[in-house]
Amino acid sequence: MSLKKLTWSVVSLLALLAVVLAACAPATPAATEAPAATEAPMATEAPAATEVPAATEVPATPMKVEVFSWWTGGGEAAGLDAMIKVFQAQYPNIEFVNAAVAGGAGTNARAVLATRLQAGDPPDSWQGHAGQELIGTYVQANQLQPLNDLYAAEGWLDVMPKTLIPLISQDGNIYSVPVNIHRANVMWYNPKVLADNGIEVPTTMDEWFAAMDKLQAAGITPLAMGEQWTAMHLFETVMLGTLGAEKYNGLWDGSVAWDSAEAKQGIENYKKVLTYVNSDAASLTWQDAAQLVTNGDAAFNVMGDWAEGYFRELGKTPNTDYGWAPVPGTVGVFQFLSDSFVLPVGAPDAEGATAWLKVAGSKAGQEAFNPVKGSICARTDCDPALFGVYLQSAMADWSSNVVVGSLTHGVVANDSWKTDINTALGLFLADQNVDTFDAALVTACKTSGPCK
Amino acid sequence: MLKFKNRDTLLSIALVTPSIVAVAIFIYGFIAWSVRVSLSQWKGLLPDYTWVGLKNYIELFRDARFQVDIRNTIIFTVVFVGGSLLLGLLMAILLDQNLPGETFFRNLFLFPMAISFIVTGVVWRWLMNPATGSRISGLNQLFDSLGLDFLINRWHTTPFWGIAAIALAAIWQMSGYTMAMYLGGLRSISDELREAARVDGASEWQIYQHIILPLLSPITLSAMIILGHISLKVFDLIVAIAGKQLPLDVPAIYMWQVTFDGYFFGKGAAISVLLLVVVSLLVIPYIRYNLKNEADV
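Residues numbered from 1 in each chain as written. Chains lettered and ligands numbered in written order. Predicted model: local features only at pLDDT ≥ 70, side-chain atom pairs only at ≥ 80, totals over all residues.

(A) Quick peek at the overall build of chain A. Scanning chain A from N- to C-terminus turns up 19 helices and 15 strands. Relative to its 452 residues, chain A shows a buried fraction of 47%. In chain A, once contacts between residues fewer than 6 apart in sequence are set aside, the share between residues at least 24 apart is 77%. (Helix = DSSP H or I, 4+ residues; strand = E, 2+ residues; numbered from the N terminus. Buried ≥ 20, exposed ≤ 12 C-beta atoms within 10 Å, placed from the backbone. Contact = placed C-beta atoms within 7 Å.)

Structure (structure tokens):
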């Protein structure tokens, strides 16, 4: 009796061990499971044996596409659902698997995705900020396929801005399909506060400084800012406003040095802009900071145009409670960011993934997604009637302006470079030392960017 | 067949083996792997184990941000551990006076420990709102309405000392736990000792100074170790109160950003190995001391 008991416990133990080992070494499960099977031949009716054939014989399964994103709540999730409906109508025979991971701006999702890719288990397609955030991370690691043929076949090159394409390409290869467009260089203002103080909406840096001096003298907080990433958002727009589109692009492709006179001037301007900012910036979210403007506690706020969705949520009226203009110095330039989808090397179901990309780039797909999400289409041929008054103005600018990319939102710099800039910026916010900041930016460009 | 003197021994070995194997792989194996990664130049999505020696560590100690981290960790640890010990001891002594309502207050003081750091962080984020003027709120508003204007301050947005404000929230959370430890210690000191001291003419203050506090010193040590390793690893509380911003940076936040936002896996591993070493310096002597004591008993 007791011997049998012992045998039993040893057998179950080995089985347990096999499970543990199988979990950590997926390549060799067969080898570890084998001894457990041989030691217990007469003991049981061997249920393991019946499971094996079921697992090996998988006949032609229905097509499936697993799409990975961080759209789990609010307008984003609703927009994704709307786009999935379009997909299912066009491809009823492909099952859509929504593999979304929650977490702000995809921080958690990207960590999960990195783990999956390192384990050789890519989803069929995933969401990423268009530009260097995707290229610097995934193209660098040979995980993505170029999509030039798809762009040509679907005619997307004719319906997307010409200046956009280089920003989402590397060495002439396009690597993602942008679904939506947000604008980063928007300055929100309170029309009443400006009118009360006799201020016209500034269009150049100098006009902006003059306006903010006047507001400060009147005891009004001129500019609302929030936590550290909003400070980086402000930084990129001030750099763009100072350098102009061409030289701003040069900072990111290595043709304009970070210690050049223009770049230094940009940092000096940024330092000056910071003197007009509310003192409790570090404790505010971007929503808190944006709300200061609509409440009349501050005159200006620089934030991407998702702020407009937030203002609407608060029940504010465009052009009465809030107005908008390009950040001073950036008139005629559209600093964009975009969520886009990719085609990985070794996608388990490449055909399904391509079908998804076709929907993501199509007029129907983008018109389903964007009005709900509160962004504009990457295509320039969407119907303006679907959108509100702000988004209509953004659409007009999108099809006519020079397009440049955002730093904070992943277009112009890869993640490593951006992290280094973020550290340098954090130190600058504390010590306000222009030379140290500039030196750190030069080093960051050498370590992780294109600078030599 | 093999013969064992004692089947129970075999059985118990067999039963603990899975846990030992799991711990060996999932804890010690991964620690070893992290150390290996910290000596590599791995940057980017895919592993790159090219050996670079101590380069990552040397760069860290030259890094201005890491110096901020060290400064913040020291300030946080001193304020948090010191504050929790003092407040915990004070509350324990008050509760030890056999006054009515002891159970109620004991539970009240202990209660914050049951809350997660995230919840504490969100509440204290509201309390420690640094806004002034018409938008004043939280504790600053309380001080304002009580006429205690000199107490109004910028809390965690104060330059240099801001991290100490975060430590206040941590003290609120953990002092009840320290109190429970001290109360246990106080209750184990026999009344005869106090009586004897009183007969010898010692004042109450002298009793605490010469008898009770020395007898509580093992508890103080335990509490210091437990609070100390919490403070070295703090992450969630800071992120919940202030987000990820550099003036309140600590090694754990730096490690997260550098590894998962920036893909500097080598550097991130180096930070976590350093954290592990510092925590071990604190914890291992304590564990040895405890094991030795248990062996003596």
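Here the narrative resumes.
(B) Geometry of the overall build of chain B. Along the backbone of chain B there are 13 helices and zero strands. Its helices and strands in sequence order give chain B the pattern α-α-α-α-α-α-α-α-α-α-α-α-α, from N to C terminus. Over its C-alpha atoms chain B spans a radius of gyration of 24 Å, topping by over 25% the 19 Å that the globule rule assigns to 297 residues. Dimensions of chain B, computed from C-alpha atoms along their principal axes, come out at roughly 75 × 70 × 30 Å. Expressed as a percentage of the 297 residues in chain B, the buried residues total 33%. Put simply, of all contacts in chain B between residues at least 6 apart along the chain, 70% involve residues at least 24 apart. (Rg over C-alpha atoms; globule rule 2.2 N^0.38 Å.)

(C) Just the pairing of strand 12 (residues 333-337) of chain A, in detail. Residue and element names in this part refer to chain A. Burial analysis of strand 12 places five of its five residues in the buried class, the great majority of the element. Side-chain alternation along strand 12 places Val333, Gln335 and Leu337 on one buried face and Phe334 and Phe336 on a second face that is also buried. Summarising the sheet, strand 7 (residues 180-183) and strand 12 pair through two bridges and their orientation is antiparallel. Paired with arginine 183 across the strands is phenylalanine 336, a residue of strand 12. Summarising the sheet, strand 12 and strand 15 (residues 402-405) pair through four bridges and their orientation is parallel. By the bridge assignment for strand 15, valine 333 is matched with valine 402. (Pairing = 2+ DSSP bridges.)

(D) Looking closely at unusual backbone geometry. All names here are of chain A. Of note in this structure, asparagine 142 is not a glycine but carries a positive phi near 55°. Relative to the elements of secondary structure, asparagine 142 occurs in the loop between helix 6 (132-139) and helix 7 (148-154). Although it is not a glycine, aspartate 171 adopts a positive phi angle of roughly 50°. As for its placement among the helices and strands, aspartate 171 is situated in the loop between strand 4 (169-170) and strand 5 (173-174).

(E) The confidence of the model for chain B, seen in detail. Residue-level pLDDT values for chain B average 91, and 98% of them are 70 or greater. This prediction of the complex comes with two scores: 0.86 for pTM and 0.87 for ipTM. (pLDDT = per-residue confidence, 0-100.)

(F) Representation of the nonpolar core. Core analysis: the largest hydrophobic core is formed by 182 residues, its most contacted members being A:Trp188, A:Phe300, A:Trp356 and B:Ile166. Top element by residues in this core is helix 7 (residues 162-188) of chain B. It accounts for 12 residues. In this structure, this core is formed jointly by two domains, domain 1 (64-163 + 341-386) and domain 2 (186-336 + 410-448) of chain A, each of which donates at least three residues. For A:Trp188, the contacting residues outside a window of four places in its chain are A:Ala290, A:Val293, A:Phe300, A:Asn301, A:Met303, A:Ala307, A:Tyr322 and A:Trp324. (Core = buried A, V, L, I, M, F, W, Y, C linked by C-beta atoms within 7 Å. Domains from an automatic or database assignment.)

(G) How the structure looks around the packing of helix 4 (residues 74-90) of chain A against helix 16 (residues 363-373) of chain A. Residue and element names in this part refer to chain A. As a packed pair, helix 4 and helix 16 sit with axes 8 Å apart at the nearest point and diverge in direction by 160°. When the interaxial angle is binned, helix 4 and helix 16 end up roughly antiparallel. The interaxial crossing formed by helix 4 with helix 16 has right-handed handedness. Residues Gly75, Glu76, Ala78, Gly79, Ala82, Met83, Lys85 and Val86 of helix 4 form the contact with helix 16, whose own contacting residues are Ala364, Gly365, Ala368, Phe369, Asn370, Val372 and Lys373. Residues of the contact of helix 4 with helix 16, tallied by class, amount to eight nonpolar, four polar and three charged. (Axes fitted to C-alpha atoms, helices over the stretch in contact; angles between N-to-C directions. Parallel < 35°, antiparallel > 145°, perpendicular 65-115°, else oblique. Left-handed = near helix turned anticlockwise from the far one by under 90°. Nonpolar A, V, L, I, M, F, W, Y, C, P; charged D, E, K, R; others polar.)

(H) Representation of the sheet that holds strand 1 (residues 64-69) of chain A within the structure. All names here are of chain A. Taking strand neighbours across the sheet as the criterion, the five strands line up as 2-1-3-13-6 in an open arrangement whose pairing is mixed. Since the sheet does not close on itself, it has two edges, and those belong to strand 2 (95-100) and strand 6 (177-178), each with one partner. Note that strand 3 (residues 125-129) and strand 13 (residues 339-341) share three bridges and pair antiparallel. Directly across from glutamine 127, in strand 13, lies its bridge partner phenylalanine 341. Contacting strand 1, strand 3, strand 6 and strand 13, helix 15 (residues 350-361) crosses the sheet at an angle of about 55° to strand 1.

(I) Summary view of the interface of chain A and chain B. Listed as interface residues are 32 residues of chain A and, on the opposing side, 33 residues of chain B. Where the side of chain A that touches chain B is concerned, the elements lending two or more residues are helix 1 (2-24), helix 5 (107-118), helix 6 and helix 18 (415-431) of chain A. Per-class residue counts for the side of chain A that touches chain B are 16 nonpolar, 12 polar and four charged.

(J) Seen up close, the sheet that holds strand 8 (residues 186-189) of chain A. All names here are of chain A. Pairing in this open sheet of four strands is mixed, and the strands run 9-10-8-11 from one edge to the other. Only two strands of the sheet have a single neighbouring strand rather than two, namely strand 9 (221-224) and strand 11 (323-326). Taken over all neighbouring pairs, the strand axes of this sheet differ in orientation by 25° on average, direction set aside. Here strand 9 pairs with strand 10 (residues 298-302) via three bridges, running parallel. Within strand 10, the residue paired with alanine 224 across the bridge is asparagine 301. Seen against the sheet, helix 13 (residues 286-294) touches strand 8, strand 9 and strand 10 and runs at an angle of roughly 140° to strand 10.

(K) Quick peek at the domain arrangement of chain A. All names here are of chain A. According to the domain assignment, chain A contains domain 1 (64-163 + 341-386) and domain 2 (186-336 + 410-448). For the side of domain 1 that touches domain 2, the element with the most residues is helix 6, which contributes four residues. By residue class, the composition of the side of domain 1 that touches domain 2 is one nonpolar, seven polar and one charged.

(L) Layout of helix 19 (residues 434-448) of chain A. All names here are of chain A. The first and last C-alpha atoms of helix 19 sit 21 Å apart over 15 residues, in line with the 21 Å expected at 1.5 Å per residue. Buried residues of helix 19: Phe437, Asp438, Ala440, Leu441, Ala444, Cys445 and Ser448, and no others. Viewed end-on, helix 19 has its buried residues packed into an arc of 160°, placing them on one side of the element. Buried residues along helix 19 sit against helix 12 (261-274) and helix 18. (Expected span 1.5 Å × (residues − 1). Arc of directions from axis to C-beta.)

(M) Region of the structure containing the packing of helix 12 of chain A against helix 19 of chain A. All names here are of chain A. For the pair helix 12 and helix 19, the least separation of the axes is 10 Å and the interaxial angle reads 130°. With respect to helix 19, the element helix 12 is oriented oblique. Of the two elements, helix 12 crosses helix 19, and the hand of that crossing is right-handed. Between helix 12 and helix 19, the contacting residues are Lys264, Ile267, Glu268 and Lys271 on the first element and Val434, Phe437 and Asp438 on the second. Looking at the contact of helix 12 with helix 19, its residues break down into three nonpolar, no polar and four charged.

(N) Seen up close, the confidence of the model for chain A. Residues and elements named next belong to chain A. For chain A, mean pLDDT is 87; residues scoring 70 or higher make up 86% of the total. Taken element by element, the predicted model of chain A shows its lowest mean pLDDT in helix 2 (residues 29-39) (37) and its highest in strand 8 (98). Counting interchain partners and residues more than four positions distant, the pLDDT-below-50 stretch residues 19-59 has 19 contacts.

(O) Here's a closer look at the environment of A:Ala99. Residue and element names in this part refer to chain A. Looking at where alanine 99 falls in the secondary structure, it is placed in strand 2. Owing to 16 C-beta atoms within 10 Å, alanine 99 belongs among the partly exposed residues under this scheme. Once the C-alpha coordinates of alanine 99 and glutamate 200 are considered, the two residues, 101 residues apart in sequence, prove to be 48 Å apart. Setting aside anything within four residues of it in sequence, one finds alanine 99 in contact with Glu66, Val67, Phe68 and Pro123.

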